[in-house]
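Chain residues, written in single-letter form:
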Amino acid sequence: VHPAWHPAVLHPGSSVPAAASPERDPPADAPPIAMDDDDDGAPSPASMPGRYPTAGYSPHNGSSAALRTRELPGCSLHVFRHVSKAAGTTVRFIFDKQVAMGDFEFLPMCHYGFREKDWREVVRRFKDAAVDPARIKSGEGPRIIVEIRNEWGATRAFEDVVLRDLRDLRATHSHLGCEISSSMLFRDPTEQYRSFYEYYIRKEQEKDPTTGPDQGPGAWGDSFAEWARRVPDLQLREALGDRCVPSLRRPVFDVDQTTGKRLGERALDETCKVTLGDRARFERIVRDVDVVGIASEFDAFWLRLADVVGFQHLEYVRSNTKHRHGAGRRRRRRWTLAEGADGADGGAEGAEGADDNDDAAVVAATAPNDVWAHDLVRRTQAEAWAGCDGDNASKGREDGGYGCELRRRVNALRAASVEASDGRTRVGGTPPRSVYMFARANPGRDDNPVRAEHRARPGFYTSEPICKGFGTDLSALVRKDDARYKCDRGCSFD
């Protein structure tokens, strides 16, 4: 018996119960449902295809298993839009755990990034698998996770292609019980700028400019502030995709390639700047994406995403938190403008913006559209639990009290957290032991490559469980208890 806030009560019988949201109206171009002429307008059971049932709750339980509200779907495609330095790597590792538990297939396997051909192949595989009569009969449809970054030519691909394809798939495959969904995270602009700087830019500023072109502070700026002031609206430009995204990781000054002397600031083309029309575009994206959230409310984002998609394993560890990046990192010796190549200018430009400058003030002036976009996502996410402070706040709510219950479950997830031996926090407590792992599979190169007949391929997979990432060797999926092989990837998900 479910409480009033539970998705099963809010959306009885639905194959896509978007928690805390009303059922979607069918798109205008949705295919008509076949009707029996002798009936009173109800669909004829004889004319309807089978539907994928849910796959039940995972029998592998971690510390926070009781906080789940959704069973594993029988057929699912989920797309996560990853914006740099906005908790996306944490999400990817959470997804990797779902793969290691044997619940989902992550496509394209092993890739850090995405290409148009990858997306086309994912859609084709999903369509072919979802309508396979044998799969429908067995009740084991495809369950695929996709991560979209900006490697797709820095275009409007997510907005114009991926979201459109998801709408089409929802229209054509929901009647089979297939669930189609999407998600996106945004981060406080000051924190995102600083994280981006520490991860990508600081190391460029610290390089010796005499060792190569476009290296050192002459090209990249001599501080966080000097760099950040010349890179407006970093986060929103990447999210939109077509606002000169590659330039976000390029030098901000031109320098003499022989002497390293700074020649002047690189001008930003007007087509790179965010416009009011771009704000309207982002508003549409936020409306179209099923689950949006901000990094500072990550746990609420994650539990809501699990409610919508049916992810079973809620425990996780935050990524990139071991003091490798961030304002408190110990500084290596910096090559400054006041020393080094002939003609380098250590004057006002080089001294601009020491690291103790007010980051928030710099970012507020540089990235007003990022500030606006973050606030839009924050308000959109917070609508779920608005007015949940009183003792009887959940009574009479249109969502059956889901938003208030979500806040309670977030607190319970955090309360179950434990400190790991490596000093990191395992949010939600201890996860179950993984069922699968990736082992090396390079014939002729590895001492003991995985043999084809030993690969583990769950029935819902749409591709062979072997992959090659960008610049990596082949790995194959095997059971984690297979003593014949040593773990190569997915080793630490427990």
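So, a few notes on the structure that sits alongside this text. (Residues numbered from 1 in each chain as written. Predicted model: local features only at pLDDT ≥ 70, side-chain atom pairs only at ≥ 80, totals over all residues. Heavy atoms only, no water.)

This next bit is on the overall build of the chain. Helix and strand counts for the chain come out as 15 helices and 14 strands. When the 494 residues of the chain are sorted by exposure, 52% land in the buried category. In the structure as shown, the chain presents an accessible area of about 22,400 Å², 50% of it carried by carbon and sulfur atoms. (Helix = DSSP H or I, 4+ residues; strand = E, 2+ residues; numbered from the N terminus. Buried < 20%, exposed > 50% of the residue type's maximum accessible area, 1.4 Å probe, protein only. Areas by Shrake-Rupley, 256 points an atom, 1.4 Å probe, with all protein chains shown as cover.)

A full pass over the atoms with the stated rule returns four disulfides. Paired through a disulfide, Cys244 and Cys272 show a sulfur-sulfur distance of 1.9 Å. Handedness here is read from the sign of the S-S torsion; for Cys244 and Cys272, about -80°, the answer is left-handed. You can see Cys244 sitting in the loop between α9 (234–240) and β5 (253–255) and its partner Cys272 sitting in the loop between β6 (262–265) and α10 (276–288), a full 28 residues away along the chain. (Disulfide = S-S within 2.5 Å.)

Spatial strand order, β2-β3-β1-β4-β7: five strands in an open sheet with parallel pairing. Only two strands of the sheet have a single neighbouring strand rather than two, namely β2 (105–107) and β7 (291–294). Within this sheet the neighbouring strands show an average axis-to-axis angle of 20°, counted without direction. Pairing geometry for strand β1 (residues 76–81) and strand β4 (residues 179–186), over six bridges, is parallel. Counted as the bridge partner of Phe80 is Ser183 from β4. Docked against the sheet, helix α11 (residues 298–309) engages β1, β4 and β7, running at close to 175° with respect to β4. Taken strand by strand, helix α14 (residues 368–382) contacts β4 and β7, and its axis lies near 120° from that of β7. (Pairing = 2+ DSSP bridges. Axes fitted to C-alpha atoms, helices over the stretch in contact; angles between N-to-C directions. Contact = heavy atoms within 4.5 Å.)

Another aspect to go through is the packing of helix α5 (residues 157–173) against α10. It is the contact of α5 with α10, at a shortest axis distance of 12 Å, that shows an interaxial angle of 25°. When the interaxial angle is binned, α5 and α10 end up roughly parallel. Viewed along their axes, α5 and α10 form a crossing whose handedness is left-handed. When α5 is examined against α10, the residues Phe158, Glu159, Leu163 and Arg167 are found in contact with a partner set consisting of Arg281, Arg284, Ile285 and Asp288. Counted by class, the contact of α5 with α10 contains three nonpolar, no polar and five charged residues. (Parallel < 35°, antiparallel > 145°, perpendicular 65-115°, else oblique. Left-handed = near helix turned anticlockwise from the far one by under 90°. Nonpolar A, V, L, I, M, F, W, Y, C, P; charged D, E, K, R; others polar.)

Below, the discussion takes up the sheet that holds strand β9 (residues 418–419). Taken together, three strands build an open sheet; the order of strands is β8-β10-β9 and the sheet is antiparallel. One side of each edge strand has no neighbouring strand; the edge strands of this open sheet are β8 (316–317) and β9. Here β8 runs beside strand β10 (residues 425–427); their pairing, made up of two bridges, is antiparallel. Residue pairing for β10: Val317 is matched across the bridge by Arg426.

Another point: helix α15 (residues 402–415). In a regular helix each residue adds 1.5 Å, so 14 residues correspond to 20 Å; α15 covers 20 Å between its end C-alpha atoms and thus fits that length. Looking only at α15, the buried set comprises Tyr402, Gly403, Cys404, Glu405, Leu406, Arg409, Val410 and Leu413. (Expected span 1.5 Å × (residues − 1).)

Counting 42 residues, the largest nonpolar core has Phe95, Phe298, Phe301, Trp302, Leu305 and Phe311 as its most contacted members. In this view, Phe95 contacts His78, Phe80, Phe106, Ile145, Leu305 and Phe311; residues no more than four positions away in its chain are not counted. Of all hydrophobic cores here, the second largest spans 40 residues; its members include Phe126, Ile148, Val162 and Leu169. (Core = buried A, V, L, I, M, F, W, Y, C linked by side-chain atoms within 4.5 Å.)

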